[in-house]
Amino acid sequence: MPKPIYNEPGNGLHFHIMLKKNGENIFYTKGNYADLSDTAIHFIGGILKHGCSLTAFTNPSTNSYKRLLPGFEAPVKLFYGLANRSAAIRIPKYATTKETKRIEFRTGDATANPYLAMSALLMAGIDGIKRKIDPSDYDYGPYDENVYEWSEEKKSKLVSIPTSLKDSLEALKADYDYLLAGDVFNNELIDSWIKEKTKEIE
């Protein structure tokens, strides 16, 4: 359960992701920010750009949003950074080699259907690669400092994830074309998901 006890830290489900091509990790380029390749940056850009609609699959319960509050190191802002526990996507500082370089999506929780959540994350990242989405173009970072210590004005420029399951379903209705590529998802599945989750809200 994402938030079983009020005012105590919740339970997240963090997804560690790397992509390989011909057996080689394509997220690693020595000398770039956090030694991430351009492919990795674009993959991150895709996840963050579609971050609001992704929560419909990665955080699909009403209780999910009781965990996703500022504080408790809860990743509620869509940005990435190296070893940053307040980021939706954290780059593990200890993963420094070509074999281990990866990203960590920290917003999800264990009420997710892993098949749908992981498929949606991959589709968002691949859309970012195809469209060469640069996170810095949308104020998605990288930021390495604790953003909760920023001024309210500075924090307000960061994109927040939805604050309820209802809002996440609305975000999915507005942004799902990336999921349909290659017939990985289809309209029937998305419509059914929204319908069943709306029943849970009610």
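Below: a short report on this structure.

Quick look at unusual backbone geometry
Turning to step 1, where the next piece is worked out: The step from Gly141 to Pro142 runs through a cis peptide bond, and the omega angle for that step is 15 degrees.
Turning to step 2, where the next piece is worked out: Of note, Pro142 is situated in the loop between helix 4 (114–131) and helix 5 (152–155).
Turning to step 3, where the next piece is worked out: Phi at Asp35 takes a positive value of approximately 60 degrees, unusual for a residue other than glycine.
Turning to step 4, where the next piece is worked out: Mapping Asp35 onto the fold places it in the loop between strand 3 (24–25) and helix 1 (38–49).
Turning to step 5, where the next piece is worked out: Asp35 sits in the buried class, given a relative accessible area of 15%.

Describing the pattern of salt bridges
Turning to step 1, where the next piece is worked out: This model, assessed by the stated rule, comprises nine salt bridges.
Turning to step 2, where the next piece is worked out: Here Glu24 makes a salt bridge to Lys98, at a shortest N to O gap of 2.9 Å. Of the two residues, Glu24 sits in strand 3 while Lys98 sits in the loop between strand 5 (87–91) and strand 6 (103–105), which places them 74 residues apart along the sequence.
Turning to step 3, where the next piece is worked out: Given the relative accessible area of 41%, Glu24 is considered partly exposed.
Turning to step 4, where the next piece is worked out: Taking the relative accessible area as the measure of exposure, Lys98 reaches 33% and is therefore partly exposed.
Turning to step 5, where the next piece is worked out: Between Glu200 and Lys197 there is a salt bridge, with its nearest N and O atoms 3.1 Å apart. Here Glu200 and its partner Lys197 are both found in helix 8 (residues 187–201), three residues apart, which amounts to about one turn of the helix.
Turning to step 6, where the next piece is worked out: Note on Glu200: relative accessible area 47%, which makes it partly exposed.
Turning to step 7, where the next piece is worked out: A relative accessible area of 9% means that Lys197 is categorised as buried.
Turning to step 8, where the next piece is worked out: Residues joined in a network through salt bridges with shared partners are Arg90, Glu104 and Arg106.

Quick notes on the pairing of strand 5
Both faces of the sheet carry side chains from a regular strand, because those side chains alternate between them.
Turning to step 1, where the next piece is worked out: In terms of burial, strand 5 is largely enclosed, as five of its five residues are buried.
Turning to step 2, where the next piece is worked out: In this structure, strand 4 (residues 77–82) lies alongside strand 5, joined through four bridges in parallel fashion. What sits directly across from Gly81, in strand 5, is Arg90.
Turning to step 3, where the next piece is worked out: Across two bridges, the pairing between strand 5 and strand 6 is antiparallel. Paired with Arg90 across the bridge in strand 6 is Glu104.

Section: helix 2 (residues 51–58)
Turning to step 1, where the next piece is worked out: Burial analysis of helix 2 places seven of its eight residues in the buried class, which makes it a mostly covered element.
Turning to step 2, where the next piece is worked out: Those residues of helix 2 lying buried are Gly51, Ser53, Leu54, Thr55, Ala56, Phe57 and Thr58.

Describing the side chain of His50
Turning to step 1, where the next piece is worked out: Looking at where His50 falls in the secondary structure, it is placed in the loop between helix 1 and helix 2.
Turning to step 2, where the next piece is worked out: Exposure remark for His50: the relative accessible area of 4% places this residue in the buried category.

Considering the packing of helix 1 against helix 4
Turning to step 1, where the next piece is worked out: Their axes nearest at 6 Å, the elements helix 1 and helix 4 cross at an angle of 120 degrees. Considering the angle they form, helix 1 stands oblique to helix 4. Both helix 1 and helix 4 take part in a crossing whose hand is right-handed. When helix 1 is examined against helix 4, the residues Thr39, His42, Phe43, Gly46 and Ile47 are found in contact with a partner set consisting of Leu121, Leu122, Ala124, Gly125, Ile126, Gly128 and Ile129.

Brief notes about the packing of helix 2 against helix 4
In a packed pair of helices, the relevant descriptors are the angle between the two axes and the axis-to-axis distance.
Turning to step 1, where the next piece is worked out: Remark: helix 2 packs on helix 4, axes separated minimally by 8 Å, with the N-to-C direction vectors making an angle of 160 degrees. Taken together, helix 2 and helix 4 sit at an angle that is classed as roughly antiparallel. Helix 2 and helix 4 meet at a crossing whose hand is right-handed. Mapping the contact onto sequence places Leu54, Phe57 and Thr58 in helix 2 and Leu116, Ala117, Ala120, Leu121 and Ala124 in helix 4.
Turning to step 2, where the next piece is worked out: Its residues assigned to classes, the contact of helix 2 with helix 4 comprises seven nonpolar, one polar and no charged.

Cut-off values and rules
Residues numbered from 1 in each chain as written. Predicted model: local features only at pLDDT ≥ 70, side-chain atom pairs only at ≥ 80, totals over all residues. Heavy atoms only, no water. Helix = DSSP H or I, 4+ residues; strand = E, 2+ residues; numbered from the N terminus. Buried < 20%, exposed > 50% of the residue type's maximum accessible area, 1.4 Å probe, protein only. Salt bridge = Lys/Arg side-chain N within 4 Å of Asp/Glu carboxyl O. Pairing = 2+ DSSP bridges. Axes fitted to C-alpha atoms, helices over the stretch in contact; angles between N-to-C directions. Parallel < 35°, antiparallel > 145°, perpendicular 65-115°, else oblique. Left-handed = near helix turned anticlockwise from the far one by under 90°. Contact = heavy atoms within 4.5 Å. Nonpolar A, V, L, I, M, F, W, Y, C, P; charged D, E, K, R; others polar.

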